[in-house]
Amino acid sequence: MVTAVTSMGRSGLYDWLMQRVTAVILLAYFLLVGWVLIGGVDYASWKALYSQTWMRVFSLLALLSLGIHAWVGLWAVFTDYLTERLMGTTGNVLRLLAQVVCAIVMFTYVVWGIQILWGF
Amino acid sequence: MLQVSIYRYNPETDAEPYMQEVQVDTGGKDIMVLDVLELIKAQDTTVAYRRSCREGVCGSDGVNMNGKNGLACITPLSETVRNNKLVLRPLPGLPVVRDLVVDMGMFYAQYEKVQPYLLNDSPAPAIERLQSPEDREKLDGLYECILCACCSTSCPSFWWNPDRFIGPAGLLQAYRFLADTRDTATEERLSRLDDPFSVFRCHGIQNCVNVCPKGLNPTRAIGHIRNMLLSRAT
Ligand code: SF4
Ligand code: SF4
Ligand code: FES
């Protein structure tokens, strides 16, 4: 068994399942938002929608799902192309760096998202 | 005259690999790619490749023909040649020993990892372990693999992580023993596959299915393994 400390849940099955579950949540969220947009919105109705607790919770869920989904996906990309096998120690450094940047970006978006959702 | 472009590399004399252009007289017949290689060897004895059975049974002559992996001995020219041109390269992703001969070490190491043999801790019966015809049928489409490596060397996930991703050939065999009712190590086998690389590096691109000369479907077997892992964990 191969160990992997930086993957999402350390188990391949867990990562795989999380990616599927988050994909479904994201799909549902974007379908809802798309449906609302097609129906036509103005500032008042948009604000009213996002003032409801369920919409805020759903948005937060979608935001967290996006973070998890991106992490699992990008982790796979990084461990494919930024590796010791392909470029020696540089690969390890670059991969770790990419992961740190990725984590910071995701963390920022989540915190920022919470501020937006509960801040108006 | 068939225009053949063949990958040449002899690490003892060549600084780097190059493509050699060869004209081959096929007599206008639809011969196999392996026949073409034999004709080339008659012209230039230094060309190296593996072959043995010449009938798609041994799995030794997996090569890349016009960009697609396959067995040279059972691939007729009509199936691969376009515009009278044939480009022959070694299987991608494995170290080249010489010309079309690759080092299969990494491929076999992954095969070994899945413990490709029956594990059964109950005392062996006097003659043999019996299996119902229905249970035996579950092994169809799995046991026929000849380990030619055409699939694993066409899989991008295997190219990037040949040391951690088991690859389609190994996983097909992993499932062959998971599906065998005479095997009692199912739990142990599954627990060795649950990391993020061994099985889950498969992204279902199906390159493997596309090239298998035996018509096998590693992607489906990988799906079965994933389902077994899922039902075991939930
Ligand atoms: S389906 Fe999976 S094993 Fe087959 S080529 Fe694609 S990634 Fe590789
Ligand atoms: S699954 Fe098919 S392509 Fe892969 S090693 Fe076996 S016979 Fe060859
Ligand atoms: S020579 Fe045996 S499979 Fe082609």
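Residues numbered from 1 in each chain as written. Chains lettered and ligands numbered in written order. Predicted model: local features only at pLDDT ≥ 70, side-chain atom pairs only at ≥ 80, totals over all residues. Heavy atoms only, no water.

**Here we look at the overall build of chain A**
Item 1. A tally of regular secondary structure across chain A gives five helices and zero strands.
Item 2. For a compact globule of 120 residues, the expected C-alpha radius of gyration is about 14 Å, and chain A comes in at 18 Å, more than 25% above that figure.
Item 3. When each of the 120 residues of chain A is scored for burial, the buried share is 34%.
Item 4. Sequence-distant contacts in chain A: of pairs separated by 6 or more residues, those separated by 24 or more amount to 63%.
Item 5. Positive and negative side-chain charges of chain A, numbering 6 and 4 respectively, have mean locations separated by a distance of 6 Å. (Helix = DSSP H or I, 4+ residues; strand = E, 2+ residues; numbered from the N terminus. Rg over C-alpha atoms; globule rule 2.2 N^0.38 Å. Buried < 20%, exposed > 50% of the residue type's maximum accessible area, 1.4 Å probe, protein only. Contact = heavy atoms within 4.5 Å. Lys, Arg positive; Asp, Glu negative; His and termini not counted. Charge placed at Lys NZ, Arg CZ, Asp CG, Glu CD.)

**Section: the domain arrangement of chain B**
Residue and element names in this part refer to chain B.
Item 1. The domains assigned to chain B are domain 1 (2-102) and domain 2 (105-233).
Item 2. Using C-alpha coordinates to define each centre, domain 1 is positioned 29 Å away from domain 2.
Item 3. Approximately 1,100 Å² of surface area, both sides summed, lies buried where domain 1 meets domain 2, with 66% of it carried by carbon and sulfur atoms.
Item 4. Looking only at domain 1, the three residues that lose the most surface to domain 2 are K68, N69 and L94, adding up to 37% of its buried area. (Domains from an automatic or database assignment. Buried area = accessible area lost by both parts, 1.4 Å probe.)

**As for the confidence of the model for chain A**
Low-pLDDT stretches of the model should not have their predicted coordinates read in fine detail.
Item 1. Summarising the model, chain A shows a mean pLDDT of 92, and 99% of its residues fall at 70 or more.
Item 2. No element of chain A has a lower mean pLDDT than helix α4 (residues 84-87) of chain A, which averages 91, and none a higher one than helix α1 (residues 12-38) of chain A, which averages 96. (pLDDT = per-residue confidence, 0-100.)

**A short note on the sheet that holds strand β3 (residues 62-65) of chain B**
All names here are of chain B.
Item 1. Ordered by their spatial adjacency, five strands build an open sheet running β2-β1-β5-β3-β4, and the pairing between neighbours is mixed. Looking at the sheet topology across the chains shown, the edges are occupied by β2 (18-24) and β4 (68-71). Within the sheet, the average angular offset between the axes of one strand and its neighbour, ignoring direction, is 30°.
Item 2. Two strands pair when backbone bridges link them, and strand β1 (residues 2-8) and β2 are joined in this way by seven bridges, in the antiparallel orientation. Bridge assignment links R8 to a residue of β2, and that residue is Y18.
Item 3. Strands in contact with helix α1 (residues 33-43) are β1, β2, β3 and β5 (85-89); relative to β2, the strand with the most contacts, it is inclined by about 95°. (Pairing = 2+ DSSP bridges. Axes fitted to C-alpha atoms, helices over the stretch in contact; angles between N-to-C directions.)

**Notes on the site of ligand 1**
Residues and elements named next belong to chain B.
Item 1. Around ligand 1, the neighbouring residues are C155, P168, C202, H203, G204, I205, Q206, N207, C208, T219 and I222.
Item 2. Counting residues per element, the ones that place at least two in the shell around ligand 1 are α8 (207-211) and α9 (218-233).
Item 3. A class-by-class count of the residues in the shell around ligand 1 yields six nonpolar, five polar and no charged. (Near = heavy atom within 4 Å. Nonpolar A, V, L, I, M, F, W, Y, C, P; charged D, E, K, R; others polar.)

**Concerning the environment of F107 of chain A**
Item 1. Along the chain, F107 of chain A falls in helix α5 (residues 89-118).
Item 2. With 43 residues separating them in the primary sequence, F107 of chain A and L64 of chain A have C-alpha atoms 9.5 Å apart.

**Some words on the interface of chain B and chain A**
Item 1. Contact residues are listed per partner, giving 21 residues for chain B and 18 residues for chain A.
Item 2. Counting the surface lost from both chain B and chain A, the interface buries some 1,800 Å², and carbon and sulfur atoms represent 65% of this.
Item 3. For chain B, the biggest contributors to the area lost against chain A are W160, P196 and R201 of chain B; these three give 33% of the whole.
Item 4. Taken together, the connections running from chain B to chain A amount to one salt bridge. (Salt bridge = Lys/Arg side-chain N within 4 Å of Asp/Glu carboxyl O.)

**Describing the site of ligand 2**
Item 1. The full set of residues close to ligand 2 is C145, I146, L147, C148, A149, C150, C151, A169, L172, C212, P213 and K214 of chain B.
Item 2. Tallied by class, residues from the shell around ligand 2 come to 11 nonpolar, no polar and one charged.

**A short note on a nonpolar patch on the surface**
Residue and element names in this part refer to chain A.
Item 1. Side chains of L74, V77, Y81, L86, M87, L94 and L97 sit close together on the surface and give an oily, nonpolar patch of about 580 Å² of accessible area.
Item 2. Those elements giving two or more residues to the nonpolar patch turn out to be α3 (53-81), α4 and α5.
Item 3. Tracing the backbone through its elements, the reader meets L97 in helix α5. (Patch = residues over 30% accessible without salt bridge, like charges linked within 9 Å, V, L, I, M, F, W, Y side chains within 5 Å. Areas by Shrake-Rupley, 256 points an atom, 1.4 Å probe, with all protein chains shown as cover.)

**Some remarks on the side chain of R176 of chain B**
Item 1. Considering the arrangement of structural elements, one finds R176 of chain B in helix α6 (residues 167-178).
Item 2. Ignoring any residue separated from it by four or fewer positions in sequence, one finds R176 of chain B in contact with L139, L142, Y143 and R182 of chain B.

**Considerations on unusual backbone geometry**
All names here are of chain B.
Item 1. Despite not being glycine, N66 shows a phi value in the positive range, around 45°.
Item 2. One can find N66 in the loop between β3 and β4.
Item 3. In this structure N66 comes out as partly exposed when scored by relative accessible area, which is 29%.
Item 4. One non-glycine residue, L147, lies in the positive phi region at around 55°.
Item 5. Here L147 is to be found in the loop between α4 (133-137) and α5 (156-160).

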